[in-house]
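What the coordinates show
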Amino acid sequence: MRFEMKMPDLATTDSPVRVVRWMAAPGQSVRRGEPLLEVETDKATMDVESVVNGVLTEIVTKLNETASAGELIAVLEVAESAVPVVASTAPASPGASPATAPIAPAPTGKPGGMFARNRQSAQAAAVKIEASGVIPLSVASRTAARRLQESKQTVPHFYLQTSANAEPMIARRAAVAPQKLVWDAFFVLAVAKAIQKFERMAYRFEAEQLVKQDADAVGVAVDIDGELYVVPIAAPAGKTPQQISDELQAAVRGLRDGDPQFKRLRPARVTVSNLGSCNVESFIPIINPPESAILGVGKIMPTPVAKDMSVSVQQRVALTLAVDHRVVSGRYAGDFLSAIVQELELS
Amino acid sequence: MTVATHNIDAGSVAYTPPFLLELYRKMVVIREFEDGVKFLFLEGSMPGTIHQCQGQEATAVGVCAALRGDDFITSTFRGHGHALAKGLTVNELLFELFGASTGCCAGKGGSMHVGNMDKGMVPGIAIVAGGVPLAAGMGLAFKMQKSPQIVACFFGDGAVAEGAFHEGINLAAIWNLPVIFVCENNLYGASTRIDKVMKIPVVAERAKSYGIRGQTVDGNDVLKVYEATLHAADECRRGQGPVLLELLTYRRTGHSRRDPCHYQPKDEREQWAMHDPIDRFGKFLVQRGEIDEAGMQVIRTTVISEFNASVAEARRQPMPTVGDLTTDVFAPAAEDRS
């Protein structure tokens with residue numbers, strides 16, 4: 001007989017629940033007590049167990065779509081004509097909890113394979129959602145939206161613009177394996193060294209006073225399929241550009257695979273946001289609270305430079321520093337930005 | 001905190017086979033009730049959220065088996081096991097969870113407030129540590145009435161840092177009230193592990209500061225729980241109460257059905273699963289020759305079919321009406337009762 005599976009009442013605020021993974025495909029048989037799908041509520045992601053033994057015949061709520069508690073999410077064909085509560089789980093010992101093995105074939109190969117599979121299916125489903133004219137936001141996106149709005153509305157930003165000679169940096173990158181060294185590494189290192197000289201940039205404004213941000217980290221803003229994250233690079237002043245680059249790339253891989261360990265919000269002191277790869281010449285970023293500043297990095301481009309009454313062309317990069325005026329003055333931030341430029345121009 | 005690994009033994013106590021088998025059956029009733037209710041919640045038959053006690057069956061059953069029929073218990077938001085152990089029927093409990101007017105609280109309590117005063121269970125007090133001062137008050141009443149009754153007050157490790165815990169235990173201590181304070185220490189107050197919120201590793205040590213006796217017991221050994229409670233109840237009846245019992249156990253589910261329980265480390269879960277109270281007691285019964293595997297399977301099958309029959313009945317129960325809104329709101333004044 002046909003059994004209609006409804007979305008369980010799992011959210012804490014009656015908000016819709018999003019499907020982030022189906023662990024069985026139509027045609028597959030499922031057992032009562034085995035996880036059938038994974039959902040994201042307003043509070044957490046969790047597995048939802050099948051309430052019957054049967055065959056999954058139809059998935060109604062597709063990947064990435066949401067359903068409210070009580071709404072039909074899937075249809076199963078069950079052998080028993082009895083009410084679904086007939087307990088015919090596997091003859092486990094009385095103490096055994098329901099099996100937790102996924103129904104779909106176990107992911108093979110590299111760690112994070114299962115997460116990566118989620119991500120791929122999520123991307124496939126995203127197309128359909130946009131066609132409906134509404135894009136439901138993930139918890140991460142909603143959090144980012146709230147924090148950015150709060151920052152822009154409550155933090156008194158001011159902005160300092162300058163540029164730096166990028167040629168020493170280009171030479172240093174060419175000297176190592178250029179494909180494997182991301183540009184952000186140089187900016188993270190320069191910011192970290194500048195913070196050592198301008199310690200006040202390591203403070204945040206809190207309750208009418210300045211409090212030192214304990215975590216010695218410089219953040220890097222990354223965009224993972226439209227979702228914003230800040231990857232904190234810990235103790236960056238003591239690392240080489242290569243180490244920073246490797247660490248950053250590993251974090252991006254983790255985020256792309258949906259590994260929750262990398263999604264955890266961890267504070268930094270200053271963040272670097274680089275849009276050079278999108279051909280942006282310069283831009284004004286929004287501070288990531290509770291940090292004191294954020295450095296917007298544009299693309300490296302050939303720029304005419306006047307020197308000794310003659311004009312030459314130099315590879316330069318535009319930098320915009322957005323600063324929390326409650327933490328430092330314009331003068332102090334200006335000196336800090338100069339120190340960043342100095343670090344970048346070291347050959 | 002280490003998991004108790006010893007095998008259950010009866011020590012010097014002479015147990016009768018029917019008594020032992022009834023302890024086992026009761027734990028199975030609780031386990032199957034909780035598992036069944038989990039699916040009712042998932043399929044949408046059960047409203048609200050639920051707080052379940054799979055893995056903690058021995059605490060409820062061991063304590064209640066050592067109490068007399070007219071003794072009382074107070075319970076918490078996680079009270080299904082306490083209710084079944086204290087003698088409430090599957091029907092009256094399940095009907096309550098369905099919100100039916102035939103439930104133990106006429107459908108007005110729901111999962112977090114199950115109880116039946118006629119069976120010695122105050123409807124569950126869902127405020128953490130809320131039952132502790134209440135139990136002290138009941139103990140005071142019994143003492144003033146010179147009644148031999150006692151109270152067993154269930155609460156979790158999360159309650160120990162509440163102000164109400166201190167006030168209730170202190171009051172009971174200074175007046176030697178007949179209360180057994182039963183801490184079901186399952187290591188987590190919602191998602192917070194106990195060592196993050198308590199400096200000393202043993203809850204029972206708190207007893208010293210109130211000048212009462214404290215004891216830590218393997219809460220997954222139903223006989224140890226039973227014996228410790230029997231001893232504590234005897235002290236209480238002789239005016240030597242109160243007693244603080246700490247029962248070490250582990251919850252096999254999230255705090256509530258909405259909690260995926262990601263904070264319990266996998267190896268910790270597995271370690272405790274190896275020492276499941278029902279499995280351990282079953283092994284003890286088999287070794288003692290009281291029952292065999294087939295017999296245990298019969299108990300389980302019977303319990304499940306009884307539960308399923310209750311579910312079928314629960315779906316047909318009447319719901320409260322608007323007229324019921326004003327009933328059960330006030331209790332008669334004390335002098336009117338006589």
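Placed above this text is the structure.
Fair warning: this is a prediction, and the values are worked out from it, not measured in the lab. (Residues numbered from 1 in each chain as written. Chains lettered and ligands numbered in written order. Predicted model: local features only at pLDDT ≥ 70, side-chain atom pairs only at ≥ 80, totals over all residues. Heavy atoms only, no water.)

Observations regarding the overall build of chain B
- For chain B, the helix and strand inventory stands at twelve helices and seven strands.
- By residue count, 56% of the 338 residues in chain B fall in the buried class.
- Nonlocal contacts in chain B, meaning residues at least 24 apart in sequence, comprise 75% of its contacts between residues at least 6 apart.
- Put simply, chain B shows about 14000 Å² of open surface, and 57% of that area lies on carbon and sulfur atoms. (Helix = DSSP H or I, 4+ residues; strand = E, 2+ residues; numbered from the N terminus. Buried < 20%, exposed > 50% of the residue type's maximum accessible area, 1.4 Å probe, protein only. Contact = heavy atoms within 4.5 Å. Areas by Shrake-Rupley, 256 points an atom, 1.4 Å probe, with all protein chains shown as cover.)

Regarding the overall build of chain A
- What chain A contains, in helices and strands, is seven helices and 16 strands.
- Evaluated residue by residue, chain A yields a buried proportion of 44% over its 347 residues.
- Once local pairs closer than 6 in sequence are excluded, the contacts in chain A between residues at least 24 apart make up 65%.
- Roughly 17200 Å² of accessible area belongs to chain A as shown, and the carbon and sulfur atoms make up 54% of that amount.

A look at the sheet that holds strand β9 (residues 157-165) of chain A
Residues and elements named next belong to chain A.
- Overall, mixed pairing links the six strands, which are arranged β9-β16-β15-β14-β12-β13 in an open sheet. In this open sheet, the two strands that pair with only one neighbour each are β9 and β13 (227-234). Averaged over all pairs of adjacent strands, the angle between their axes in this sheet comes to 30 degrees, without regard to strand direction.
- Alignment of strand β14 (residues 270-274) against strand β15 (residues 293-307), held across five bridges, turns out to be parallel. If you follow T271 over to β15, its bridge partner there is I294.
- Docked against the sheet, helix α4 (residues 184-197) engages β12 (217-224), β13, β14, β15 and β16 (310-324), running at close to 155 degrees with respect to β14. (Pairing = 2+ DSSP bridges. Axes fitted to C-alpha atoms, helices over the stretch in contact; angles between N-to-C directions.)

Focus on the environment of V20(A)
- If you trace the backbone, V20(A) turns up in strand β2 (residues 17-22).
- Separated by 45 residues in the primary sequence, V20(A) and E65(A) place their C-alpha atoms 8.1 Å from one another.

Considerations on the packing of aromatic side chains
All names here are of chain B.
- This structure, assessed with the given rule, holds 14 aromatic pairs over all chains.
- Seen from their ring centres, F33 and F307 are 5.7 Å apart, and the 80 degrees between their planes marks the pair as edge-to-face. Here F33 is found in helix α1 (residues 17-43), whereas its partner F307 is found in helix α11 (residues 293-314), with 274 residues between them in sequence. Accessibility classification places F33 together with F307 in one group, the buried group.
- Here the aromatic rings of Y250 and W272 are separated by 5.2 Å at their centres, their planes lie at 5 degrees, and the arrangement is stacked. Here W272 lies in helix α9 (residues 266-273) and Y250 lies in the loop between β7 (243-248) and α9, a separation of 22 residues in the sequence. (Phe/Tyr/Trp six-rings, centres within 6.5 Å; stacked < 30°, edge-to-face > 60°.)

Description of α11(B)
- When the terminal C-alpha atoms of α11(B) are compared, their 31 Å separation across 22 residues agrees well with the 32 Å that a helix rising 1.5 Å per residue should span.
- For α11(B), every residue scored as buried is listed here: G295(B), M296(B), I299(B), R300(B), V303(B), I304(B), F307(B), N308(B), S310(B), V311(B) and A314(B). (Expected span 1.5 Å × (residues − 1).)

Focus: the nonpolar core
- Core analysis: the biggest nonpolar cluster contains 94 residues, and M5(A), W22(A), L37(A), L94(B), L223(B) and F281(B) have the highest contact counts within it.
- Among residues more than four places away in sequence, those in contact with W22(A) are L36(A), L37(A), I59(A), T61(A), K62(A), L63(A), I73(A) and A74(A).
- The next biggest cluster of nonpolar side chains, apart from the first, holds 50 residues, and it includes I195(A), V317(A), I340(A) and V341(A). (Core = buried A, V, L, I, M, F, W, Y, C linked by side-chain atoms within 4.5 Å.)

As for the pairing of strand β6 (residues 54-59) of chain A
Residue and element names in this part refer to chain A.
- Direction of pairing for strand β3 (residues 29-30) relative to β6: antiparallel, over a ladder of two bridges. In the sheet register, V30 faces β6, and the bridge partner there is G54.
- Pairing of β6 with strand β8 (residues 72-77) involves four bridges; the strand directions are antiparallel. Each residue of the ladder has a partner; that of V55, found in β8, is E77.

Side note on the packing of α4(A) against helix α7 (residues 330-345) of chain A
Residue and element names in this part refer to chain A.
- Viewed as axis vectors pointing N to C, α4 and α7 meet at an angle of 130 degrees, and their least axial separation amounts to 8 Å. In terms of orientation, α4 and α7 fall into the oblique class. Once α4 is placed against α7, the crossing between them reads as right-handed. Residues F186, F187, A190, V191, K193, A194, I195 and K197 of α4 pack against F336, A339, I340, Q342, E343 and L344 of α7. (Parallel < 35°, antiparallel > 145°, perpendicular 65-115°, else oblique. Left-handed = near helix turned anticlockwise from the far one by under 90°.)

Observations regarding the side chain of R269(A)
All names here are of chain A.
- Structurally, R269 can be placed in the loop between α6 (260-263) and β14.
- Given a relative accessible area of 12%, R269 falls into the buried group.
- Beyond its immediate sequence surroundings of up to four residues, R269 is in contact with I195, M201, A202, K212, Q213, D214, A215, D216, A217, E291, S292 and A293.

Here we look at the sheet that holds β3(A)
- The strand order across the open sheet built from four strands is β1-β8-β6-β3 (chain A), with neighbouring strands paired in antiparallel fashion. Strands with a single pairing partner mark the edges of an open sheet, and in this sheet they are β1 (2-6) and β3 of chain A.

Notes on the environment of K152(A)
All names here are of chain A.
- Following the sequence through the fold, K152 ends up in helix α2 (residues 139-154).
- For the pair K152 and P289, spaced 137 residues apart in sequence, the C-alpha separation works out to 9.7 Å.
- Beyond its immediate sequence surroundings of up to four residues, K152 is in contact with H157, Y159 and I286.

Comments concerning unusual backbone geometry
Residue and element names in this part refer to chain A.
- In this structure, P290 follows P289 across a cis peptide bond, with omega equal to 5 degrees.
- Unusually for a residue other than glycine, A235 sits at a positive phi of about 40 degrees.
- Judged by its relative accessible area of 40%, A235 is partly exposed.
- Even without glycine at this site, N279 takes up a positive phi of about 65 degrees.
- Of note, N279 is situated in the loop between β14 and β15.

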